[in-house]
Amino acid sequence: MKKQLLSLAVLVSAVLCIGGCTKKIQNTEVYAQVAKHQVIAIVPPEVAINGMKKVSNGSISELQRKESLNFQQRMYSWMLKGKIEKRIFVSIQKLQDTNDRLAAAGHFDDQPLTPAQMCDILGVDAILVSNYLVKKVMSDAEAKTLGLAVWRAGVGAPRGMGGPTNKTAVSLQIFDKETGRMVWDYSNRLNGDIKSTPATLVDDMMRMASQNSPYYYKKTKSI
């Protein structure tokens, strides 16, 4: 719980400061450091979901855990695709290895590790840390009603025509093993509609983040 509250405080502070979207720490020294990276790991995101009514804390915690794995898997798939298509130069550690090693070290048992410790335990050159703050602005029942309205509007109704069903604040950071410092970060806010899933939200976010990611070859277009 302490780890989650701290992560949320950092995320909210970042979002309030950026007022939308930021891309920081873009300089020659950082890119020289990042260029040394060969293997990175995607740490399970911290996920918080607000706005859900008549749901027990236990149910919300379980949903947050599942969404964390969903977000992590989608981020991994996105970056792995970039590696296969030679648009990204680093390799990504298998998620099973990442999660098993962190679990064995007690990272998920109120014994959070520092970025440097995680890099050492995982045996990688850097880690990608992320936070997702999801605010549901309507219930599932309301979303279904909205979905019916969109369907009645006719096939081909534009995505999001009924307004957002949830809002997500996202924060990404890359931490370097050698220095123990954050070498890149990205923050944004996304609006989800009735067609949104964790996959589509991550796709939208990664598409924007990749435009300035230090791991993507600059001579090629981002996805």
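Quick note: structure is the one above.
Predicted model only: the values in this text are computed from it and were never measured. (Residues numbered from 1 in each chain as written. Predicted model: local features only at pLDDT ≥ 70, side-chain atom pairs only at ≥ 80, totals over all residues. Heavy atoms only, no water.)

> What is the right way to look at the overall build of the chain in this model?
Summing up its helical and strand segments, the chain has 7 helices and 7 strands in all. Helices (α) and strands (β) of the chain occur, in sequence order from the N terminus, as α-β-α-β-β-α-β-α-α-β-α-β-β-α. The contacts in the chain between residues at least 6 apart in sequence include a share of 73% that link residues at least 24 apart. When the accessible surface of the chain is totalled, it reaches about 12100 Å², and 55% of it is carbon and sulfur. (Helix = DSSP H or I, 4+ residues; strand = E, 2+ residues; numbered from the N terminus. Contact = heavy atoms within 4.5 Å. Areas by Shrake-Rupley, 256 points an atom, 1.4 Å probe, with all protein chains shown as cover.)

> Explain the nonpolar core to me, please; I cannot follow it from the model alone.
Generally speaking, nonpolar side chains in soluble globular proteins are found buried as a group. Ranked by size, the top nonpolar core spans 33 residues in total, and within it Ile42, Met79, Tyr132, Leu172, Met205 and Tyr215 carry the most contacts. Of all the secondary structure elements, the ones that give two or more residues to this core are α2 (28-34), β2 (39-42), β3 (46-50), α3 (57-84), β5 (126-136), β6 (166-176), β7 (182-192) and α7 (198-209). What Met79 contacts, discounting residues up to four positions off in sequence, is Ile40, Ile42, Ile88, Ile92, Leu128, Met206 and Tyr215. (Core = buried A, V, L, I, M, F, W, Y, C linked by side-chain atoms within 4.5 Å. Buried < 20%, exposed > 50% of the residue type's maximum accessible area, 1.4 Å probe, protein only.)

> Any chance you could explain helix α5 (residues 115-122) here in plain terms?
Note on helix geometry: an α-helix contains 3.6 residues per turn, so any two residues three or four positions apart are oriented the same way. By the burial criterion, the buried members of α5 are Met118, Cys119 and Leu122. Viewed end-on, α5 has its buried residues packed into an arc of 100°, placing them on one side of the element. The inward-facing, buried residues of α5 abut β2, α4 (95-104), β5 and β6. Where α5 ends, the next residue or the one after it, Gly123, has phi of about 70°, a positive value. (Arc of directions from axis to C-beta.)

> I would appreciate a short explanation of the pattern of salt bridges in the present structure.
Two side chains with opposite charge may pair up if their charged atoms get near one another. Throughout the structure, instances matching the rule amount to 5 salt bridges. Measuring nitrogen to oxygen at the nearest pair gives 2.8 Å for the salt bridge that ties Arg65 to Glu62. Residue Arg65 and its partner Glu62 are located together in helix α3, separated by 3 residues, close to a single helical turn. We classify Arg65 as partly exposed; its relative accessible area is 44%. Residue classification places Glu62 among the partly exposed positions, given a relative accessible area of 32%. Between Asp204 and Arg207 there is a salt bridge, with the nearest N and O atoms lying 3.2 Å from each other. Remark: Arg207 and Asp204 occur in helix α7; sequence separation between them is 3 residues, near one turn of the helix. (Salt bridge = Lys/Arg side-chain N within 4 Å of Asp/Glu carboxyl O.)

> Teacher, can you tell me more about the packing of aromatic side chains here?
Within a pair of aromatic rings, the relevant descriptors are the distance that separates the centres and the angle that separates the planes. One pass over the structure, following the stated rule, counts 4 aromatic pairs. For the ring pair Phe71 and Tyr132, a centre distance of 4.0 Å and an interplane angle of 0° mean the geometry is stacked. A residue pair is termed long-range when its members are at least 10 positions apart, and Phe71 in helix α3 and Tyr132 in strand β5 qualify at 61 residues. Judged by its relative accessible area of 1%, Tyr132 falls in the buried class. Plain terms: the ring middles of Phe89 and Tyr217 are 6.0 Å apart, the flat faces sit at 55° to each other, and that makes the pair tilted. Residue Phe89 is located in the loop between α3 and β4 (91-92), and its partner Tyr217 is located in the segment after α7; the two are separated by 128 residues in the primary sequence. What makes Phe89 partly exposed here is its relative accessible area of 23%. These aromatic residues form a ring-pair network of at least three members: Phe89, Tyr215 and Tyr217. (Phe/Tyr/Trp six-rings, centres within 6.5 Å; stacked < 30°, edge-to-face > 60°.)

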